[in-house]
Each structure stands twice: as structure tokens, then as C-alpha cells.
Amino acid sequence: MREALDRVGGKWSIGILLAASPGPVRFSELERRVEGISRRMLTLTLRNLERDGLLHRRAYPTVPPKVEYRATPMAMELYEPLVALTAWAQRHRSAISEARAAYDREHDRP
């Protein structure tokens, strides 16, 4: 169970799964949508999500190569909880930041 939660709760996995859930998405589109991700990290995360059965990869025999990713039915079960989680994080971002600053002041952290 821990391994599955680590995968879907990973830093980049949530953004990728949210981007792939509405329909097929190309690598370059994921690069634009998932802010801050490097090409290498995107590639590794896509492979891991595909390996875990959360993404389906489809390569088209074209020049240049065209590859699309689509959330699997198993991943689609996660869509609503992930949307709720990201909305919660957005709503409480300021409060969390303030709590961290107060904690750091109280515990003499830079």
C-alpha cells in the first residue's frame, strides 16, 4: 500500500495524472502543464506511472514520433480526490506558510 501511495502522491505524479485525466495528452503538453518539471523527471515519472498501470502510452509511427498518454480507468478513480486535494492545498497555502514561519521563529530556525 505504501508504494502505491508514494507513487500517486509523488511530487510530479499528481500534476501528470490531473493533466492526463481529461483525455490523451502529449509529452510536450505535459511539459508545459506540469510547472517546474524537467524532461528527465517527466520521462521517469511517466514510465513509473505506466508501469503501475495508471497511464497508457500510445506511440504513433510518424515522423517525428507522436506519443500520447491517457489515464487508465484505475487512475480515473483518483481524479476527483486529486482535484479535491489540490483545491485544499491552494485554499490553505497561505495558512500553511504562516504556520511554518511561526514555527520557525519559535524554534529559532532560519
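Anything mentioned here points back to the structure above.
On a predicted model such as this, the values are computed, not experimentally measured, just so you know. (Residues numbered from 1 in each chain as written. Predicted model: local features only at pLDDT ≥ 70, side-chain atom pairs only at ≥ 80, totals over all residues. Heavy atoms only, no water.)

Novice: What should I look at first to understand helix α4 (residues 39–51) in this one?
Specialist: Spacing of three or four residues puts side chains on the same side of an α-helix, whose turn is 3.6 residues. Taking 1.5 Å as the rise per residue, α4 with 13 residues should run 18 Å; its terminal C-alpha atoms sit 18 Å apart, in good agreement. For α4, the complete set of buried residues consists of Leu42, Thr45, Leu46 and Leu49. End-on view of α4: buried residues confined to an arc of 105 degrees, all on one side of the axis. Facing away from the buried side of α4 by more than 90 degrees, the exposed set consists of Arg40, Arg47 and Arg51. Positioned one or two residues after α4, Gly53 has a phi angle of 85 degrees, which is positive. (Helix = DSSP H or I, 4+ residues; strand = E, 2+ residues; numbered from the N terminus. Expected span 1.5 Å × (residues − 1). Buried < 20%, exposed > 50% of the residue type's maximum accessible area, 1.4 Å probe, protein only. Arc of directions from axis to C-beta.)

Novice: How should helix α2 (residues 13–20) be read in this particular structure?
Specialist: With 7 of 8 residues buried, α2 is to be regarded as a mostly interior element. Among the residues making up α2, those that are buried are Ser13, Ile14, Ile16, Leu17, Leu18, Ala19 and Ala20.

Novice: I'm lost on the pattern of salt bridges in this one. Help?
Specialist: Once their charged atoms are close, side chains differing in charge can pair, the charge on each being opposite to the other. In the structure shown here, the tally under the stated rule is 5 salt bridges. Residue Arg7 pairs with Asp52 through a salt bridge whose shortest N-O separation is 2.4 Å. Separated by 45 residues along the polypeptide, Arg7 in helix α1 (residues 2–8) and Asp52 in the loop between α4 and β2 (55–60) bring together distant segments of the chain. With a shortest N-O distance of 2.5 Å, Glu29 and Arg33 are connected by a salt bridge. (Salt bridge = Lys/Arg side-chain N within 4 Å of Asp/Glu carboxyl O.)

Novice: I tried to follow the environment of Gln90 on my own but got confused; where do I start?
Specialist: Turning to its location among the elements, Gln90 is positioned in helix α6 (residues 79–91). A residue is classified by how much of its surface remains accessible, and Gln90, at 47% relative accessible area, is partly exposed. As a C-alpha pair, Gln90 and Ala20 span 70 residues in sequence and 20 Å in three-dimensional space.

Novice: Help me out: how do you make sense of a nonpolar patch on the surface in this one?
Specialist: On the surface, Leu85, Trp88 and Ile96 cluster together into a nonpolar patch covering about 270 Å² of accessible area. As for its position among the elements, Ile96 is in helix α7 (residues 93–106). Residue Ile96 is classed as partly exposed on the basis of its relative accessible area of 33%. (Patch = residues over 30% accessible without salt bridge, like charges linked within 9 Å, V, L, I, M, F, W, Y side chains within 5 Å. Areas by Shrake-Rupley, 256 points an atom, 1.4 Å probe, with all protein chains shown as cover.)

Novice: Just checking my understanding: could you explain the nonpolar core for this structure?
Specialist: Among soluble globular proteins, nonpolar side chains are generally buried collectively. Formed by 23 residues in total, the largest nonpolar core has its most connected members in Ile16, Leu17, Leu30, Leu42, Leu46, Leu55 and Tyr69. When residues of this core are traced back to their parent elements, those giving at least two are α2, α3 (27–33), α4 and β3 (66–71). Ranked by the residues each element gives to this core, the list is headed by α2, at 6 residues. Apart from the residues lying within four places of it in its own chain, the contact partners of Leu42 are Ile16, Phe27, Leu30, Glu31 and Ile37. (Core = buried A, V, L, I, M, F, W, Y, C linked by side-chain atoms within 4.5 Å. Contact = heavy atoms within 4.5 Å.)

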